[in-house]
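Here's the letter readout for the chains.
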Amino acid sequence: MDWVDLRSDTVTRPTRAMREAMLAAEVGDDVYGEDPTVNALQERVAGELGFEAALFVPSGTQSNLLALLSHCERGDEYLVGADAHTYKFEGGGAAVLGSIQPQPIPHAADGTLPLEALAAAVKPVDPHFARTRLLALENTWHGRVLPLDYLRAAHDFARERGLALHLDGARLYNAAVASGVSARAIARHFDSVSLCLSKGLGAPVGSVLAGSAPLIEKARRWRKVAGGGWRQAGILAAAGLYALDHHVERLAEDHARAARLAEGLGAIPGVALLGRHTNMVFVDVPAARLRELDAHLREARIRISIGYLPTLRLVTHLDVDDAGIERTIAAFRRFFGAPAANDASAAGSGR
Ligand SMILES: *Cc1c(COP(=O)(O)O)cnc(C)c1O
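Residues numbered from 1 in each chain as written. Predicted model: local features only at pLDDT ≥ 70, side-chain atom pairs only at ≥ 80, totals over all residues. Heavy atoms only, no water.

Naming follows an unreviewed UniProt entry, where the protein appears as L-threonine aldolase of Fulvimonas soli. Reading the Cofactor (unreviewed entry) entry of the UniProt record for the protein gives the comment "pyridoxal 5'-phosphate". Comment text from UniProt for the protein, heading Sequence similarities (unreviewed entry), reads "Belongs to the threonine aldolase family." (UniProt positions renumbered as here; feature names shortened; annotations may be inferred.)

Below, the structure is given as structure tokens:
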């Protein structure tokens, strides 16, 4: 029996057809700009999102870092969500490697950063302060799609204040598919966009940063400095192109499966459904039973990640089918239906 792995959409493995596309890729040395498949991917993403240029990079973390380094100088500041990937989950890279100060802003429940809070955080031009240079947003944020109206307002706000606007669009295509608009309709509000090919799109490796030609030239230099100048990366770019051709529309299936999972889990006494957003389901279970639940699910060859977030996050993706969803619901049912005999021994396991 195959594992149902709901820890993240990063766990997808390349399909046979994707591997065939990788095998057939024409390649060259990308540091010389001579890999035709990398170039095709970059042109494709730039064109699709409405930017002049794009850069293929190994990871979303590097893509965001290159964007921050390219928009900001030493002593500059970026406004960013307090629970945003570009602030909290990237090892402090902008500060560590760029001497760029983050100004975290608490998120509203829908993932937006309230414009009043942003306005209050912009520093006056004065030697006391870091120079506020950039606003970084994330879409989707914990699966939530930021409203287009908000993006428009954030764009106008950034323009008025002379700030650049970056989007961490690791799951940009989930946002686009869920809201029935093109990725370009979201990207048009930003000066740069980073997207991951290695999440729900199912490529093994890779992210793309898109922006103006001068911005991407800077990012290319920083990529080399960061050790990200790669050679025959066309093998990986081919997977990315395949993903864009074949795995975008199908994200709707992941969203539908997440909805079914939410419905199934929400009906189980003992499981509190907190929400379902695009391909992510958030539930709360009694903390004292978490480890026991994890062991029970593993027995049924189901993986979830515990302890990483305060709530349980289950993520659907390319490698989770309808049967996997039903198996997961059934396993949760068995667990919560059974007499809770071991509660005492599991108590205090915390999380
Ligand atoms: C995964 C992710 C990233 C970074 O991706 P890596 O490729 O793992 O470095 C950036 N932002 C968000 C929102 C993500 O989910």
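Novice: Provide a residue-level description of the UniProt feature "domain: Aromatic amino acid beta-eliminating lyase/threonine aldolase" (unreviewed entry) in the protein, including the pertinent values.
Specialist: Cross-referencing UniProt, the feature "domain: Aromatic amino acid beta-eliminating lyase/threonine aldolase" (unreviewed entry) maps to residues 5–286 in the present numbering. Structurally, residues 5–286 comprises 43% helix and 18% strand, and the distance from its first C-alpha atom to its last is 21 Å. (Helix = DSSP H or I, 4+ residues; strand = E, 2+ residues; numbered from the N terminus.)

Novice: Go over the site of the ligand, please, and point to the residues and values.
Specialist: By nearness alone, every residue bordering the ligand is listed as Ser59, Gly60, Thr61, Asn64, His85, Glu90, Glu138, Asp168, Ala170, Arg171, Cys196 and Lys199. Gly60 is positioned with one of its backbone polar atoms (N or O) 2.8 Å from an oxygen atom of the ligand. Coverage of the ligand by the protein amounts to 82% of the 380 Å² it exposes when considered alone. A total of 3 residues in the shell around the ligand trace back to one element, the largest contributor, which is helix α3 (residues 60–71). Split into classes, the residues belonging to the shell around the ligand amount to 2 nonpolar, 5 polar and 5 charged. (Near = heavy atom within 4 Å. Polar contact = N/O pair within 3.5 Å; in protein donor to acceptor, adjacent residues only side chain to side chain. Areas by Shrake-Rupley, 256 points an atom, 1.4 Å probe, with all protein chains shown as cover. Nonpolar A, V, L, I, M, F, W, Y, C, P; charged D, E, K, R; others polar.)

Novice: Could you give an account of the packing of helix α8 (residues 172–179) against helix α12 (residues 251–266), with specific residues and numbers?
Specialist: Viewed as axis vectors pointing N to C, α8 and α12 meet at an angle of 75 degrees, and their least axial separation amounts to 9 Å. In this view, α8 runs roughly perpendicular relative to α12, as classed from their interaxial angle. Between α8 and α12, the contacting residues are Tyr173, Asn174, Val177 and Ala178 on the first element and Leu251, Ala252 and His255 on the second. In terms of residue class, the contact of α8 with α12 is built from 5 nonpolar, 2 polar and no charged. (Axes fitted to C-alpha atoms, helices over the stretch in contact; angles between N-to-C directions. Parallel < 35°, antiparallel > 145°, perpendicular 65-115°, else oblique. Contact = heavy atoms within 4.5 Å.)

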